[in-house]
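Working through the structure, step by step
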Amino acid sequence: MELLRGSGYLDNLRPGTTVLADRGFKEVEADLTAKGCHLARPASLASGSGCGFWFTAMSRDVIRNRWCFVPMCKSTDKSTPGKIFVSVPSSHKIRKDWWIAARREFPMAKSHIYCCEDHFNLQEDMDNYMYYTMMGGPIRLKSGVRPHKFDCQGKVTPHNENREKLKRKRSISKILSSVENIMEADQNPPSQPDPEEARNECEDLNDPESLTPSTKNVGIQVQIPPRIRSKAVQVVPLRADAACCTDGPEEPVERSRTENTSDHSVSSSESSDVDYDDSIDYKPSDTTSGTDDDEACLKQLTLYTTRKTILKNQMGYIGIQKQHMYIIDLLCNHISYKERGQIITGRDVVFIVLMTIRTGMANYLIANSFGVSKSCISRILTRFVPVISGCLKELICWSSSDTIRARLPHSFKAYHHKVESIIDCFEIQIEKPSSAMTQSMTWSDYKKCNSVKYLVSVTPDGLINFISNGKPGRCSDMELLRGSGYLDNLRPGTTVLADRGFKEVEADLTARGCHLARPASVGKDEQLPAKKVVDMKIIAGLRIHVERVIRRIRVYKILDMHSCVPLSMMDILDDIVRIVCGLVNLQERICKI
């Protein structure tokens, strides 16, 4: 500000001018207003503001005057400003299906119309639900999805009066037509045959000359196609072997299939003289032989090598220990993969998914390892990551109190024997979004990058018993905990270990009859009593086990601290995290009993 005011810049401005500036030039607005000018700059955001709202609603493009096309639905931009409106497809066939599903009368409108979110289950009907909630953008519905929730219309019974009238009319017309046919048959009896005509027909049948058909000799020309191979194959004529010939030197074969065959029109009488030597065989030239076969053999060899390499080091490539390889066979029972021109099997699909998660390799490197294309790898990840996640999420379960206490380590038995859960949050770096608002809402001041945050809970012996869905990095720990459904799993009398950042959750736990154990907060110029210092060290020593579990999660390179998840994988990021947590639970426990 001091530099701007002392530089003479304000003297060059004319009244009515608009100046664009950054947030740091907030104080210059008064000087510009005094000169009849205007300042345009980004709005100043208070610390932590905006975390209580879905940031996707803020980043969504606002389109005014939208209304739901479903009859009896009163959703509009003005009456329900925070509601999501889905654009009705422009295809005539799909729009007709939507019209019928919504019980709307024809004709169909050709303009842009919308359907509100009340008539869908967006979490199940959208292809990009995770990406939309994290980054915004257009809504992509799954194939064949149409409006299916019509609470605003109530129960509507179809009106079948016109259909019954048409059915009755058709039955009456059939009866009348059958009566008319019967009456015509009674009035017109069949006529008797004439005996003279019958006698003449019999004489004609006895005459042998009358049975001989008349013929006419007509010359017919036919087109005989050449008996040669495809033009793409080069051939050379065979020669007689000189070692086997006693009459003289080798001579070229008299007739070859590569002779000029431009004139193939011959009469039918000469067609029997045309004879090809079927004993002649052809050899492909060295310049074009085996190109496709060599490439196929190379892919087979690459796939075979990759399979052997994975089986030699399972933990290093797919993140599964040798004694738990039976999980692969169980996952293969849920994988049905058949794609034209591909040589991989369902077992290879499982290897591709787990190898991508464990190593964090790019798609083109995975494709080269399995002998497939890069686009094939993308399709496999999009299709089968949710399938494998649905199988492995069964390994993440909240055990009973008796089971947890039976496996309680000795360090917990001495001080906090009622602990059933240790909670903490971890963040995963993602690619920088293109939208400025989305960048702001996913920015993490703790990690200094755009990230997605998850809440994880582990038992005292290191078993993951809860993992939340991802939320933007700017979301606070308390908001993530309250909106994740974690509190619904707690039983009365349970003790929860947490960090200092979860101080506000103590009231929620007390209301459920639970207890929060965390390190004591220290104010400025405040000294803790000796007893609190000892308790703080004990709690910190016990709470460190959740950090060790998070370190095991980071071993899978796609979730590493310094990796960057691309935006194209945002829809399957939650499924990837569940797969990793399920695989971590297969490993040995952090604490020995």
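Residues numbered from 1 in each chain as written. Predicted model: local features only at pLDDT ≥ 70, side-chain atom pairs only at ≥ 80, totals over all residues. Heavy atoms only, no water.

Going by what an unreviewed UniProt entry lists, the chain is known as THAP-type domain-containing protein and is assigned to Petrolisthes cinctipes. On record in UniProt, under Cofactor (unreviewed entry), the comment for the chain is "a divalent metal cation". (UniProt positions renumbered as here; feature names shortened; annotations may be inferred.)

**Points about the overall build of the chain**
Within the chain, the regular secondary structure consists of 21 helices and 13 strands. Across the 593 residues that make up the chain, the buried fraction comes to 35%. Within the chain, contacts between residues at least 6 apart in sequence are counted, and of these 62% link residues at least 24 apart. Just so you have it, the chain exposes about 37,800 Å², and 52% of that area is on carbon and sulfur atoms. (Helix = DSSP H or I, 4+ residues; strand = E, 2+ residues; numbered from the N terminus. Buried < 20%, exposed > 50% of the residue type's maximum accessible area, 1.4 Å probe, protein only. Contact = heavy atoms within 4.5 Å. Areas by Shrake-Rupley, 256 points an atom, 1.4 Å probe, with all protein chains shown as cover.)

**With respect to the pairing of strand 10 (residues 464-467)**
Regular strands show a simple pattern: their side chains alternate between the two faces of the sheet. Where strand 9 (residues 449-458) meets strand 10, three bridges bridge the pair, whose relative direction is antiparallel. By the bridge assignment, Ser457 is partnered in strand 10 with Phe466. (Pairing = 2+ DSSP bridges.)

**A short note on unusual backbone geometry**
With a phi close to 60°, Arg103 is a non-glycine residue in the positive phi region. Looking at the element boundaries, Arg103 is found in the loop between helix 4 (92-101) and strand 4 (114-116). Judged by relative accessible area, which is 42%, Arg103 ranks as partly exposed. A positive phi is found at Lys448, a non-glycine position, where the angle reads about 60°.

**Focus: helix 12 (residues 346-359)**
Each α-helix turn comprises 3.6 residues. Residues three or four places apart therefore point the same way. In a regular helix each residue adds 1.5 Å, so 14 residues correspond to 20 Å; helix 12 covers 20 Å between its end C-alpha atoms and thus fits that length. Along helix 12, the residues classified as buried are Gly346, Asp348, Val349, Val350, Phe351, Ile352, Val353, Leu354, Met355, Thr356, Ile357 and Arg358. (Expected span 1.5 Å × (residues − 1).)

**A word on the pairing of strand 7 (residues 419-429)**
Among the 11 residues that make up strand 7, 10 are buried, leaving the element largely enclosed by the rest of the structure. One ladder, built from eight bridges, connects strand 7 with strand 9; its direction is antiparallel. Each bridged residue has a counterpart across the sheet, and for Ile428 the counterpart in strand 9 is Val452.

**Some words on the layout of surface pockets**
Looking at the largest pocket, its volume works out to about 880 Å³. In this structure, the largest pocket is lined by 32 residues; those nearest its centre are Tyr129, Met130, Asp571, Asp574 and Asp575. When contributions to the lining of the largest pocket are tallied by element, the ones reaching two or more residues are helix 5 (122-125), helix 6 (129-135), helix 14 (374-392), helix 18 (477-483) and helix 21 (573-585). Considering every element that reaches the lining of the largest pocket, the biggest residue donor is helix 6, with five residues. Looking at the lining of the largest pocket residue by residue, the classes come out as 10 nonpolar, 12 polar and 10 charged. (1 Å grid on protein atoms, 1.4 Å probe; cavity = no way out; pocket = protein on both sides within 12 Å on 5 of 7 lines; lining within 4 Å. Points joined across faces, edges and corners; volume = space filled by probe spheres on them. Nonpolar A, V, L, I, M, F, W, Y, C, P; charged D, E, K, R; others polar.)

**Here we look at empty space enclosed by the protein**
Throughout the structure, instances matching the rule amount to one cavity of 30 Å³ or more. Taken as a whole, the largest cavity spans an internal volume of roughly 30 Å³. Lining the largest cavity, in full, are Gly319, Ile320, Gln321, His324, Leu583, Leu586 and Gln587. The class makeup of the residues in the lining of the largest cavity is three nonpolar, four polar and no charged.

**A look at the side chain of Glu427**
Of note, Glu427 is situated in strand 7. The buried charged residue Glu427 lacks any salt bridge, with Lys453 as its nearest oppositely charged partner at 4.0 Å. A distance of 2.7 Å separates the side chain of Glu427 from the side chain of Ser451, its partner in a polar contact. Beyond its immediate stretch of four places on either side in the chain, Glu427 contacts Ser444, Tyr446, Lys447, Ser451, Val452, Lys453 and Arg554. (Lys, Arg positive; Asp, Glu negative; His and termini not counted. Salt bridge = Lys/Arg side-chain N within 4 Å of Asp/Glu carboxyl O. Polar contact = N/O pair within 3.5 Å; in protein donor to acceptor, adjacent residues only side chain to side chain.)

**As for a nonpolar patch on the surface**
A cluster of nonpolar side chains, namely Ile175, Val179 and Met183, defines an oily patch on the protein surface of about 280 Å² accessible area. Looking at where Ile175 falls in the secondary structure, it is placed in helix 7 (residues 161-187). Assessed through its relative accessible area of 54%, Ile175 is described here as exposed. (Patch = residues over 30% accessible without salt bridge, like charges linked within 9 Å, V, L, I, M, F, W, Y side chains within 5 Å.)

**Remarks on the pattern of salt bridges**
Counted under the stated rule, the structure contains 16 salt bridges. Ionic pairing is found between Glu420 and Arg491, a salt bridge with its closest N-O pair at 3.0 Å. A residue pair is termed long-range when its members are at least 10 positions apart, and Glu420 in strand 7 and Arg491 in the loop between helix 18 and strand 12 (495-497) qualify at 71 residues. Taken together, the shared-partner salt bridges connect Arg407, Asp461 and Arg589 into one network.

**Notes on the confidence of the model for the chain**
Of all residues in the chain, 76% attain a pLDDT of 70 or more, and the chain-wide mean is 78. Note that pLDDT drops below 50 for residues 47-63; the model gives that stretch 27 contacts with residues more than four away or on any other chain. Contacts for the low-pLDDT stretch residues 238-289, under 50 throughout, to residues beyond four places or in other chains number 48 contacts. (pLDDT = per-residue confidence, 0-100.)

**Focus on the packing of aromatic side chains**
Inspection of every chain in the model, using the stated rule, returns six aromatic pairs. A ring pair is formed by Trp98 and Phe120, whose centres lie 5.7 Å apart and whose planes are at 50°; its orientation type is tilted. In this pair, Trp98 sits in helix 4 while Phe120 sits in the loop between strand 4 and helix 5, placing the two residues 22 residues apart along the sequence. Classification of Trp98 as buried rests on a relative accessible area of 2%. Overall, the relative accessible area of 3% leaves Phe120 in the buried class. Between the NZ or CZ atom of Arg66 and the centre of the ring of Tyr114, over which it lies, the distance is 5.7 Å. A cation sits over an aromatic face here: Arg358 above Tyr556, 5.9 Å from the ring centre. (Phe/Tyr/Trp six-rings, centres within 6.5 Å; stacked < 30°, edge-to-face > 60°. Lys NZ or Arg CZ within 6 Å of the ring centre and 35° of its normal.)

**A look at the packing of helix 14 against helix 21**
The N-to-C vectors of helix 14 and helix 21 enclose an angle of 40°; their axes lie 8 Å apart at closest approach. By the angle class used here, helix 14 and helix 21 are oblique. The chirality of how helix 14 crosses helix 21 is left-handed. On helix 21, the residues that touch Val385, Pro386, Ile388, Ser389 and Leu392 of helix 14 are Asp575, Ile576, Arg578, Ile579, Gly582 and Leu583. (Axes fitted to C-alpha atoms, helices over the stretch in contact; angles between N-to-C directions. Parallel < 35°, antiparallel > 145°, perpendicular 65-115°, else oblique. Left-handed = near helix turned anticlockwise from the far one by under 90°.)

**Structural notes on the environment of Pro15**
Structurally, Pro15 is set in the loop between helix 1 (2-6) and strand 1 (18-20). Judged by its relative accessible area of 69%, Pro15 is exposed. Residues Pro15 and Ala34, 19 residues apart in the sequence, show an inter-C-alpha distance of 9.5 Å. Discounting chain neighbours no more than four positions away, the residues touching Pro15 are Lys35, Gly36 and Cys37.

**Looking at helix 4**
Buried within helix 4 are the following residues: Arg95, Trp98, Trp99 and Ala101. Viewed along the axis of helix 4, the buried residues span an arc of 165°, placing them on a single side of the element. Counted as exposed and oriented over 90 degrees from the buried face of helix 4: His92, Lys93 and Ile100. Just downstream of helix 4, Arg103 is the residue with a positive phi angle, here 60°. (Arc of directions from axis to C-beta.)

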